[in-house]
Amino acid sequence: MTFISPALRSETQDLAALRAPLSAAERLAALEIGRALVSGARARADERPYLDAFLQEFGLSNQEGIALMCLAEALLRIPDDETADRLIAEKLASGNWDSHAGRSDSLFVNASTWGLMLTGRLVELPDELRGNANGWLRSLTQRASEPLVRQALRRAMKIIGSEFVVGRDIEEALKRSSSDSSLALCSFDMLGEGARTDRDAQRYFDSYVDAIEQIGNSVSNRSPKTNDSLHERSSISIKLSALDPRYSAIHRERVIDRLIPRARDLARLAAAHDIGLTIDAEEQDRLEISLEIFAALVNDPDTRNWRGLGLAVQAYGRRAMAVIEHVTDLARSHRRPLTVRLVKGAYWDSEIKRAQERGLAEYPLYTRKCSTDVSYLACARALLEACDIIYPQFATHNAHTIAAVLGLARSRRDTSNAPVDFEFQRLHGMGTLLYDEARRQLSDLPRVRVYAPVGPHADLLAYLVRRLLENGANTSFVNRFMDERVPVEQVVSDPISEIDALTTVEHDRIPLPAGLYGASRRNSSGIDFGRRSSIDDLQRCLHDSPALPSPASRYVTPQAVESAFRAASAAFIDWRRRPVTARADILERAADLLEQSRDTFIALLAAEAGKTASDAVAEVRETIDFCRYYAKTARELQGSAVSLDGPTGERNELSHVPRGVWCSISPWNFPLAIFTGQVVAALVTGNTVIAKPAETTPEIALAMCDLLYRAGLPRDALHVLPMIGKEFGEVALRDRSLAGVVFTGSTRTAQWLNRTLASREGAILPLIAETGGINAMIVDSTALTEQVVDDVMSSAFGSAGQRCSALRVLCLQQDCADRILDMLEGAMETLVVGDPSELTTDVGPVITAAAARDLEQHIERMGQRGRLRKRTTIPATTGSVARDRFVAPALIEIDSVAELDREAFGPVLHVVRYRTEELPSLLEDLRANGYGLTLGIQTRLEGTQQALFEATLAGNVYVNRNMIGAVVGVQPFGGTGLSGTGPKAGGPHYLLRFTTERVLTVNTTATGGNAALLTLD
Ligand SMILES: Cc1cc2nc3c(=O)[nH]c(=O)nc-3n(C[C@H](O)[C@H](O)[C@H](O)COP(=O)(O)OP(=O)(O)OC[C@H]3O[C@@H](n4cnc5c(N)ncnc54)[C@H](O)[C@@H]3O)c2cc1C
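All values derive from a computational prediction rather than experimental measurement. (Residues numbered from 1 in each chain as written. Predicted model: local features only at pLDDT ≥ 70, side-chain atom pairs only at ≥ 80, totals over all residues. Heavy atoms only, no water.)

Student: Break down the overall build of the protein chain for me, with residues and values.
Tutor: Helix and strand counts for the protein chain come out as 37 helices and 25 strands. Overall, the protein chain is about 95 × 80 × 60 Å in size when its C-alpha atoms are taken along their principal axes. Put simply, the protein chain has 1017 residues, and 60% of those count as buried. The long-range share in the protein chain, meaning contacts at least 24 apart out of those at least 6 apart in sequence, stands at 79%. Total accessible area on the protein chain stands at roughly 40,000 Å², and carbon and sulfur atoms take up 50% of it. In the protein chain, 115 positive and 131 negative side-chain charges are present, and the distance between their average locations comes to 2 Å. (Helix = DSSP H or I, 4+ residues; strand = E, 2+ residues; numbered from the N terminus. Buried < 20%, exposed > 50% of the residue type's maximum accessible area, 1.4 Å probe, protein only. Contact = heavy atoms within 4.5 Å. Areas by Shrake-Rupley, 256 points an atom, 1.4 Å probe, with all protein chains shown as cover. Lys, Arg positive; Asp, Glu negative; His and termini not counted. Charge placed at Lys NZ, Arg CZ, Asp CG, Glu CD.)

Student: Break down the sheet that holds strand 11 (residues 661-665) for me, with residues and values.
Tutor: Taken in spatial order, the five strands make up an open sheet running 13-12-11-14-15, and their pairing is parallel. Since the sheet does not close on itself, it has two edges, and those belong to strand 13 (718-720) and strand 15 (767-770), each with one partner. The mean inter-strand angle of the sheet, taken between neighbouring strand axes irrespective of direction, is 15 degrees. In this structure, strand 11 lies alongside strand 12 (residues 688-692), joined through five bridges in parallel fashion. Among the inter-strand pairings, Val-661 is bridged to a residue of strand 12, identified as Thr-688. Sheet contacts for helix 31 (residues 747-758): strand 11, strand 14 (738-744) and strand 15; angle to strand 14, the most-contacted strand, approximately 170 degrees. (Pairing = 2+ DSSP bridges. Axes fitted to C-alpha atoms, helices over the stretch in contact; angles between N-to-C directions.)

Student: Tell me about the packing of aromatic side chains, and name the residues and values.
Tutor: Following the criterion strictly, the structure yields eleven aromatic pairs and no others. Ring geometry for Tyr-990 against Phe-994: centres 5.2 Å apart, planes inclined by 70 degrees, an arrangement best described as edge-to-face. Given the relative accessible area of 0%, Phe-994 is considered buried. Through successive ring pairs, a cluster of aromatic residues spans Phe-626, Tyr-629, Tyr-630, Trp-662, Tyr-990 and Phe-994. The ring of Tyr-517 has Arg-521 sitting right over it, with the charged end atom 4.0 Å from the ring centre. A cation sits over an aromatic face here: Lys-611 above Phe-670, 4.2 Å from the ring centre. (Phe/Tyr/Trp six-rings, centres within 6.5 Å; stacked < 30°, edge-to-face > 60°. Lys NZ or Arg CZ within 6 Å of the ring centre and 35° of its normal.)

Student: Any chance you could break down the packing of helix 28 (residues 673-684) against helix 29 (residues 698-710) for me, citing the residues and the numbers?
Tutor: Between two packed helices, both the angle of their axes relative to each other and the distance between the axes serve to describe the pair. At a minimum axis separation of 10 Å, helix 28 and helix 29 run at an interaxial angle of 40 degrees. Taken together, the axis directions place helix 28 and helix 29 in an arrangement best described as oblique. Our pair here, helix 28 against helix 29, has a crossing hand that is right-handed. Taking contact as the criterion, the partners of Phe-675, Thr-676, Val-679 and Val-680 in helix 28 are, on helix 29, Ala-701, Met-704 and Leu-708. Looking at the contact of helix 28 with helix 29 residue by residue, the class counts come to six nonpolar, one polar and no charged. (Parallel < 35°, antiparallel > 145°, perpendicular 65-115°, else oblique. Left-handed = near helix turned anticlockwise from the far one by under 90°. Nonpolar A, V, L, I, M, F, W, Y, C, P; charged D, E, K, R; others polar.)

Student: Summarise a negative patch on the surface; cite the residues concerned and give the values.
Tutor: A surface patch of negative charge is lined by Asp-169, Glu-171, Asp-206, Asp-210 and Glu-213. In terms of residue count, helix 11 (residues 198-222) provides more of the negative patch than any other element does, three residues in total. Tracing the chain through its elements places Asp-206 in helix 11. We classify Asp-206 as partly exposed; its relative accessible area is 41%. (Patch = residues over 30% accessible without salt bridge, like charges linked within 9 Å, V, L, I, M, F, W, Y side chains within 5 Å. Salt bridge = Lys/Arg side-chain N within 4 Å of Asp/Glu carboxyl O.)

Student: Which residues make up the site of the ligand, and what are the values?
Tutor: For the ligand, the set of nearby residues contains 30 residues, the closest of which are Gly-345, Thr-372, Thr-396, His-397 and Phe-477. Within the side chain of Lys-344, an N or O atom sits 2.8 Å from an oxygen atom of the ligand. Between the ligand and Tyr-366 there is a distance of 3.5 Å, counted from a nitrogen atom to a backbone nitrogen or oxygen. Protein chains shield 95% of the accessible area of the ligand, which is 930 Å² for the free molecule. Those elements giving two or more residues to the shell around the ligand turn out to be strand 4 (309-314), strand 5 (338-343), helix 16 (369-385), strand 7 (423-427) and helix 19 (461-472). Among the elements that take part in the shell around the ligand, strand 7 stands out by supplying three residues, more than any other. (Near = heavy atom within 4 Å. Polar contact = N/O pair within 3.5 Å; in protein donor to acceptor, adjacent residues only side chain to side chain.)

Student: Describe the sheet that holds strand 25 (residues 995-1003), with residues and values.
Tutor: The strand order across the open sheet formed by three strands is 9-10-25, and the pairing between neighbours is antiparallel. The sheet is open, and its two edges are formed by strand 9 (642-643) and strand 25, each paired on a single side. Two strands pair when backbone bridges link them, and strand 9 and strand 10 (residues 650-658) are joined in this way by two bridges, in the antiparallel orientation. Note that in strand 10 the partner of Val-642 across the bridge is Leu-654. Running over the sheet, helix 27 (residues 613-638) touches strand 10 and strand 25 and is turned about 150 degrees from strand 10.

See the structure below:
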């Protein structure tokens, strides 16, 4: 049985399709009970656990909360004291700690807290210190380099951490569980998510095996199996992303080959010990594939009699109800009881961002909290109705949700006249007081299981930050639950009434991804990698890649250049007279046409330029964005003349007019996006264009040109002339009607163009040149290894390293270099090099066999000097692309960035180590090569981010993310120094350079006095 995502509908329709989750009576009862729980808990505020107090005081709405979150996220992983001290000093200086003094008598919130951090014991601190936490902290900041302060804060973070983990390993966790009655029933979670390497995946697998065995042994020691049900025993939760570094729908075959067997082994082991095993819910992209894995486990005859297999379902997902129906069908068709943990979902913010970046048609999630709450209750109802075959586990810390679920269970019991077995779940360290209160007030509260993270502090960070984000937000229940300033009626409200009161179900401040840029420009639409149907369509379109004629067969003769110039000059007269709105309309029509013919262009990009699927999709989107962005900016620039201030009796107007015939020379690495961006920028401002595409990629340019004609562009306004660059340049740059040159390519060619233009007689012509760079990423020890590795992999090896923005030299702080390199090398092993028409391919060919040979020589030279750290392999078969065009990704260690004097334009990454005190000279070396295109920075130190930004020549600086894929209008792109002239492509000033300025001054009094002045009131 395969799960098929329901067809896309609007959020309003999705919500309306849910059955009313609660009757009127149930709604009233839920409010009453929920409010009683909150009031009861508030009356016992002094019993609340530290974390509840902490989250309430230091939420995301205050600076101190954010500062503490930053410290918590980074401090424990920093190996060197110097960097740790700088982080501490920066974060402590950024808060107004006094504002929290005396606000709570809880740990972390008053001066005693800091005493605890300093000494490891709860000590009473002097009064003056209690009253002046701010001053005390400021003096701490000044003394931040003292070991005492560092130790204190590290200890503090461990204290925060230990509130969230039950043990550093499973033994410690089980010991605690056996001695602490509140932890008697747990679902243990071995911390660590998202394996990046096969080694990590094996390590996580081993730790799951060990945990299952130990949990199994401990529960059987404690309670003989005959006496209690499986649901009364502790269980385990697993994350599929921990079991394989390529866990995604695109790598389905690999998932079937490697991940399913691993998951099945774990399930069999859990079954042998008769304990529950739940698969945690992760990203929406992975929903369908996770259900495929789950179905394989359900199908396993070896575990048929085991009742402990379970899945977490996220109610914020708009497919949640369909998932529950699917899992119920699965259980019934296999006659096999299953468990379902219903959660609201932990990744709301990052899912919304991803959907916007991807340009999805709809968000996969609800955009309002009350919609998630209603979805949760509708799903809860469906689960309880299926409780003969599904054992529901309701994971929440929200009093209303608890009360409503209990009401639903009561109704179910009454109608079916049978017991209903289910449980609640809470996270360790949270919700204790609420559930204690519920136990006190509600006789029918079922068992409550604790989700219990296990792992060393260093592995805690991702988990911790997620919890802080999730619960620190002011929409979150935990954040307001104990806050006496918020009336109980507000903390516990009816989500159905909240929805009824809305004018739109869709959040009015979260536009659909298409509307991200407002009304004046639609965002390009992307592909939903969370739906199998879109993935299959994309694969089909890649497999249908056309067979192309040889590029040379398209070449035209130098005579064609001359006649094109003549035609373009003649066409300029009419074209420039068209209103800018008419020209902009053509660009927008072209964008729409391109969106409709996306598949054709993706196939063409794969066939002619060797682009992988994700690169091709991104390139088509970028092209669409260029068309729409330049249409919008042209309307703004040329829509009307700008009136200038001046003396009365005179009209002064500035306007931007086209220059004439432009020559556009574009590269093969973005044969669609850069070709089109340059051409349409010139056209929309009223110029006509002679375009020479790269020698290797004429077909894409011709297809795009054809599309522009279909959109209404007059044929003579644009002439595409595939031919050898030098031959073209010799003729084109000497043509008398040439008005400007726009170029993207090598620095050497740009310099040749510059010299040739300078040697012309007559007017001085503008040259816009975008060239290459030796791009670096600087990483210090505050950075998160996993994030660095992800960003390095995409920046260095994405597009086979053939982007001008690609990362060429990774600069690692000595103290964290080995850790990062180790993971990076492991991640490189998982790269798929091969045929770009296969969706699974990460690294396709380089543009020609000659380019591959050049790169190989570079790698060999470095290898001879003993510098090659890692080389991946090329598979025996490379599909329709000749093997000699492939370069296996390489990692090369060098001593200094000065060793790199030219750009190796392929999947070759250099790495250099630096000591903190060497950072200024490293920057000096980077500046010395004269390039200034992109720079990546990975650090949690804001001071370092700012200092590096100021010190670099790079035109585009990316902090804590990858350094490729600049988005039109969002990250205008282009370098300085040897990397380009500017203005930046896709930026607000680009079009200006294609125009020339004119000013019209009219003496308005000449025709008989200053009427405007005389008629003033
Ligand atoms: C035992 C346990 C296991 C868990 N396992 C998982 C798991 O496997 N996978 C997982 O993803 N999460 C998991 N979680 C976390 C869970 O998804 C929730 O994030 C968390 O419990 C908060 O929900 P609540 O009902 O306690 O609090 P509430 O405050 O009532 O709800 C907060 C939640 O509402 C949602 N929300 C917030 N703002 C919006 C908005 N504007 N639009 C739509 N929705 C919004 C988010 O999901 C947010 O987490 C687990 C939680 C528990 C207690």
